[in-house]
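# Report on the structure
Spelled out, the chains give:
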Amino acid sequence: MTDIALDNLELQELRIQDGEYDGTDTTDTGDCLPFSSVYNTVGFKEREAKVFLSCPITAKILEVERHTSRHNRSFPTRQRSESKKQIEDYLNELLRMPLYRNYHAMMEFIDASQLSFIHDLGPKGLEGFVLKRSGGHRIPGFKCCGGSKICYRWSRRWLVVKDSFLLYMETDSGAISFVMLFDKEFNIKMDPREMKTKHRIRVNSLSRSLVLKCSSYRHACWWGQAIDDFVKKHSSAFLKDHRFGSFAREEKDIPAKWYVNGKTYMEDVADALEAAKEEIFITDWWLSPEIFLKRPVVEGNQWRLDCILKRKAQQGVRVFVMLYKEMSWALGLNSGYSKRTLRKLHQNIKVMRDPDHVYLWAHHEKIVVIDQSVAFVGGIDLAYGRWDDREHRLTDVGSMMLSHLEQAQAAASLSAPANGSSSEGNAGGFTHTDGKGINTLLDMMDQPKIKGKKKRTGLSIRKRLEKHSITFRHDSDSDLEEEEEKGPKVCGDPTGMGGELYGNTRFWHGKDYCNFVHKDWIQLDKPFDDFIDRYTTPRMPWHDIASVVHGSAARDVARHFIQRWNFTKRAKRKYRAPSYPYLLPKSHTTAQEQRYQVPNCINSKVQILRSAADWSAGIKYHEESIHNAYVHVIENSEHFIYIENQFFISCADNIHIFNKIGDAIAERIIKAYKEGKRYHVYVVTPLLPGFEGDINTGGGSAIQAVMHFNYRTMNRGERSIISQLRKEMGDHWINYFSICGLRTHAELEGRLVTELIYVHSKMLIADDNTVIIGSANINDRSMLGMRDSEVAVIVEDSETVASVMDGQPYQAGKFALSLRLDCFKTILGAYADPTIDVSDPVSEKFYKDVWMATCGRNATIYQKVFRCLPSSDVLSMTHLEGYLAKPGLDKEDPTRAHEELKKIRGFLVQFPMQFLCEQNLLPPIGSKEAIVPTEVWT
């Protein structure tokens, strides 16, 4: 039923004015128009303009007012009732006629448009013609010269009010020319004294002050009141501040899932992208189009990111990508190349880069949203170096998978691709079918292009294979499943040699094999060329955390992306073209109509958090809900907190550092100490900051600058966490607080090598029932809201499982517990050694005999074998040369070194708290790092 409020009804408006009009009934027979219709709007008078009206249609007159002269005459109730009945009958008769039902003037008369009955946009809402005034946007750096008429213009637009936003359209083209999302600052102003003119209303939000002109004061009152009433009825959730100051409310029964490391994350992202039907939203700090989301590469380019996006675009899915536009002199991300590569794939792929004139801050979010119903949020960019698994391999020289020796010889001699294979996208490699329909990548032709490197001949192919752990051996079929978990293999031996060839395929191709502390990325426009020698330099493993949420929570993530996209479209002239459309948020009323769900999710209570400001999202007041949530969760934790984060810069002095996370940790530990209760804080962070620099010579100014502020938070200076704890409890702080890093080792070309594992996670777990996962680092850049833009989720368990806490039975959250167990088992080596018990994170036995013992033992062994850096034995640069002059066991006694390394469990190592403690780590005067503001490092 269509409800209509008539104001000064003039039936002559229903007369058809155009001479030629097709009256054929073209009404869609389905229940509603698809959401993709929002991208196909046309001029209101065009024949293609589809307004879905189900049959039968009933018009109901809500109000009739008659003005026959200046002096209003009485209008008896009976006569008013009869008039309503006559008008209703007349309209219903017209609406039964296809000739009128498909006529644009009739649709305008009943306030219907192409956006009225799109199911995912929610209830129909209010519509009609208005005059809107230009300007009023909150764009940093742009201010109008005043309120004079020369500063603005009036335009006639079709206004549409929905349950979470309003928009207006150009009737000639049907293009959506503005979208306003409802928020906590939304209000309607109609006071003539405030408006400084007659018959106008002002619609305010965090992003704009929109002025509408009406034909009369009565008309203005009707529009203002109608919008206000509709928004308060349908949009109340968006009109208030939520917990932690977030733009989004808490959502219950949301299917959620966590990811440790990039392997499983990228696999689920790939499957979700493949399931997309309408829209794909992606925003990353860095995006590499040629990255493979499923590895090893056994299906050609099917799961390469650019190929997936092109395939979906060809199927009609709209793809929208937002990339951080870096300062090229400071960062070598080459987002321009990424943009050009994606844009040329298909016209349905739209890419924006932002910002242009913000030099200190970055868009740091990592988001993938599918059909506004599935949202991936975390710390993992779809970029080089991010793919990893719990093995954290250092080497990747086994560059092929072979089914028999003939393939090895063919690869070594760089022969042409076999029949039926394709070299497209394999960087000179070729694929081979193993007889079971499985394509295996043979990319020996894609060897590192390092100057001065000698070519290897086919004469030593067997020795090379054995050297890189590819051996001939007999195995029964029962071992196949176990071997597949360790690494893919190709079976079958048509040569009759009585054996099968096993080994590790290449997981990291070209630029994906990286060690950015050794050497930063170069020539990103040549994605399949190596830039470091994988035969001499180990890669740097990547440890990271991410999540996926569905339903209403995914809608909130999409809403944030839409706000950023629409703001960038308004702010940057080159994106104002119709080819870059405004995006519309789907209604929360349809959020539970899930078309696709990631497997193995756990229902939880979820809230979306963010760091956003005027420069990043075009909003009046900044939001720091991630910071507020971290502090709240730490302060209210009862048993323990576990933190993994790329940075650890906190402890506010309100001069250089402002975030209060470190202070909250110290205060919570002090509270536990005074109450005599057991409480533990575990922090895992990188052993070195992620900047290029030779640590053997001190690491460079950038590395040292970040190290200064990290150590200032940990143990150096009176504001540090350990200094605050020492004042209250002396050396007992060690029973409460632990800071660790991750390290691993391997054998590369016959020699032992070690490398730190780069911790890129941004995660907090509290009491095995609350988790925060996102893109926000523990530093001011991420937490204060006014600097880098970030997105995170806080997940609170609603499903519990039996567990143990401090030796007592405990109902732990299913989501939080499973994530914490996976992290602990991975870094402590419990997957390889099941005797390691990680079930109770608070007990003294676990804390001292497992956690502290493991990190201490591992650190001591690595120190003995490799003399690795950073090390607490190096107090200043003067100690560095003497420390490095003494060789480790890896050089003095390799056999003994191997025996020592067998004692390593997992990856956890004690953080070197005294490394360069006697050295001033701030950038030296005259260096380029000293020129930039301190805020860049904090």
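No experiment lies behind these values; they were computed from the predicted model shown.

### Brief notes about unusual backbone geometry
- The residue after R295, namely P296, is reached through a cis peptide bond having omega 0°.
- Counting through the fold element by element, P296 comes out in the loop between β11 (279-284) and α7 (305-314).
- In this structure, P870 follows L869 across a cis peptide bond, with omega equal to 0°.
- Examined against the element boundaries, P870 turns out to sit in the loop between α20 (844-866) and α21 (877-885).
- Residue N261 is not a glycine yet carries a positive backbone phi of 80°.
- Mapped onto the elements of the fold, N261 is located in the loop between β10 (251-260) and α6 (262-275).
- Residue N261 is classed as buried on the basis of its relative accessible area, which comes to 1%.
- Positive phi values are uncommon outside glycine, yet R867 reaches one of about 50°.

### Digging into helix α15 (residues 661-675)
- Taking 1.5 Å per residue, 15 residues should reach 21 Å; α15 reaches 21 Å between its end C-alpha atoms and fits that length.
- What α15 keeps buried is the set I661, G662, D663, A664, I665, A666, R668, I669, I670 and A672.
- Looking at the packing, one finds that the buried side of α15 touches α14 (625-636), β24 (640-645), β25 (680-684), α17 (721-729), β26 (737-748) and α18 (780-783).
- G676 occupies a position one or two residues after α15 and carries a positive phi of about 70°.

### So, the sheet that holds strand β5 (residues 165-169)
- Here we have seven strands laid out as an open sheet, ordered β6-β5-β4-β3-β9-β8-β7, and antiparallel in their pairing. The open sheet terminates on both sides in strands that have one partner only, identified here as β6 (176-181) and β7 (187-189). The average angle at which neighbouring strand axes cross in this sheet is 35°, direction not considered.
- In the sheet, strand β3 (residues 126-133) pairs with strand β4 (residues 154-161) via eight bridges, with the strands oriented antiparallel. In the sheet register, E127 faces β4, and the bridge partner there is V160.
- Set on the sheet, helix α5 (residues 217-234) makes contact with β3, β4, β7 and β8 (200-204); between it and β3 the angle comes to about 120°.

### A word on the packing of aromatic side chains
- Under the definition given, this model contains 36 aromatic pairs.
- Their ring planes at 15° and their centres at 6.5 Å tell us that W285 and Y324 sit as a pair that is stacked. Here W285 is found in the loop between β11 and α7, whereas its partner Y324 is found in strand β12 (residues 318-324), with 39 residues between them in sequence.
- Judged by relative accessible area, which is 5%, Y324 ranks as buried.
- The interplanar angle of 65° and the centroid separation of 5.8 Å between the aromatic rings of Y682 and Y847 together place this pair among those described as edge-to-face. Taken together, the residues span a long stretch of sequence, with Y682 in strand β25 and Y847 in helix α20 at a distance of 165 residues. Assigned by exposure class, Y682 and Y847 land together as buried.

### Re the state of the cysteines
- Counting across every chain of the model gives zero disulfides.
- Here C740 stays free of any disulfide, with the sulfur of C855 as its closest cysteine sulfur at 3.9 Å.
- For C740, a relative accessible area of 0% gives the class buried.

### Comments concerning the pattern of salt bridges
- Applying the stated criterion across every chain yields a total of 47 salt bridges.
- Taking the shortest distance from any N to any O, the salt bridge between R610 and E623 comes out at 3.0 Å. Of this pair, R610 sits in strand β22 (residues 602-612) while E623 sits in strand β23 (residues 623-624), and the two are 13 residues apart along the sequence.
- Given the relative accessible area of 6%, E623 is considered buried.
- Among the ionic pairs, K677 bridges to E675, the shortest N-O distance being 3.8 Å.
- Taking relative accessible area as the criterion, E675 reaches 42% and is therefore assigned partly exposed.
- Members of the salt-bridge network, linked through shared partners, are D120, E278, R555, K586 and R595.

### Points about empty space enclosed by the protein
- Under the defined criterion, the tally for this structure stands at eleven cavities of 30 Å³ or more.
- Estimates place the volume of the largest cavity at around 200 Å³.
- Lining the largest cavity are 19 residues, and of these D183, L206, F247, R610 and E623 sit closest to its centre.
- The biggest single contributor to the lining of the largest cavity is helix α12 (residues 551-571), with three residues.
- Looking at the lining of the largest cavity, its residues break down into seven nonpolar, five polar and seven charged.

### Considerations on the side chain of S373
- Residue position: S373 is located in the loop between β14 (367-370) and β15 (374-378).
- Separated by 3.2 Å, the side chains of S373 and R555 make a polar contact.

### Overview of the pairing of β3
- Taking burial as the measure, the eight residues of β3 include six buried ones, the bulk of the element.
- With two bridges connecting them, β3 and strand β9 (residues 209-213) associate as antiparallel partners. Each bridged residue has a counterpart across the sheet, and for L131 the counterpart in β9 is K213.

### Some words on the nonpolar core
- Core analysis: the biggest nonpolar cluster contains 124 residues, and Y265, L273, L293, F376, I665 and F737 have the highest contact counts within it.
- Sort the elements by how many residues they give to this core and α15 lands first, with seven residues.
- Of all hydrophobic cores here, the second largest spans 85 residues; its members include I118, V260, Y575 and Y582.

### Examining the packing of α15 against α17
- Between α15 and α17, the shortest axis-to-axis distance is 9 Å and the interhelical angle comes to 20°. By the angle between their directions, the pair α15 and α17 is classed as roughly parallel. By crossing handedness, the relation of α15 to α17 is classed as right-handed. Contacts between α15 and α17 involve G662, D663, I665, A666, I669, I670, Y673 and K674 from the former and I721, Q724, L725, E728 and M729 from the latter.
- In terms of residue class, the contact of α15 with α17 is built from eight nonpolar, two polar and three charged.

Thresholds applied
Residues numbered from 1 in each chain as written. Predicted model: local features only at pLDDT ≥ 70, side-chain atom pairs only at ≥ 80, totals over all residues. Heavy atoms only, no water. Helix = DSSP H or I, 4+ residues; strand = E, 2+ residues; numbered from the N terminus. Buried < 20%, exposed > 50% of the residue type's maximum accessible area, 1.4 Å probe, protein only. Expected span 1.5 Å × (residues − 1). Contact = heavy atoms within 4.5 Å. Pairing = 2+ DSSP bridges. Axes fitted to C-alpha atoms, helices over the stretch in contact; angles between N-to-C directions. Phe/Tyr/Trp six-rings, centres within 6.5 Å; stacked < 30°, edge-to-face > 60°. Disulfide = S-S within 2.5 Å. Salt bridge = Lys/Arg side-chain N within 4 Å of Asp/Glu carboxyl O. 1 Å grid on protein atoms, 1.4 Å probe; cavity = no way out; pocket = protein on both sides within 12 Å on 5 of 7 lines; lining within 4 Å. Points joined across faces, edges and corners; volume = space filled by probe spheres on them. Nonpolar A, V, L, I, M, F, W, Y, C, P; charged D, E, K, R; others polar. Polar contact = N/O pair within 3.5 Å; in protein donor to acceptor, adjacent residues only side chain to side chain. Core = buried A, V, L, I, M, F, W, Y, C linked by side-chain atoms within 4.5 Å. Parallel < 35°, antiparallel > 145°, perpendicular 65-115°, else oblique. Left-handed = near helix turned anticlockwise from the far one by under 90°.

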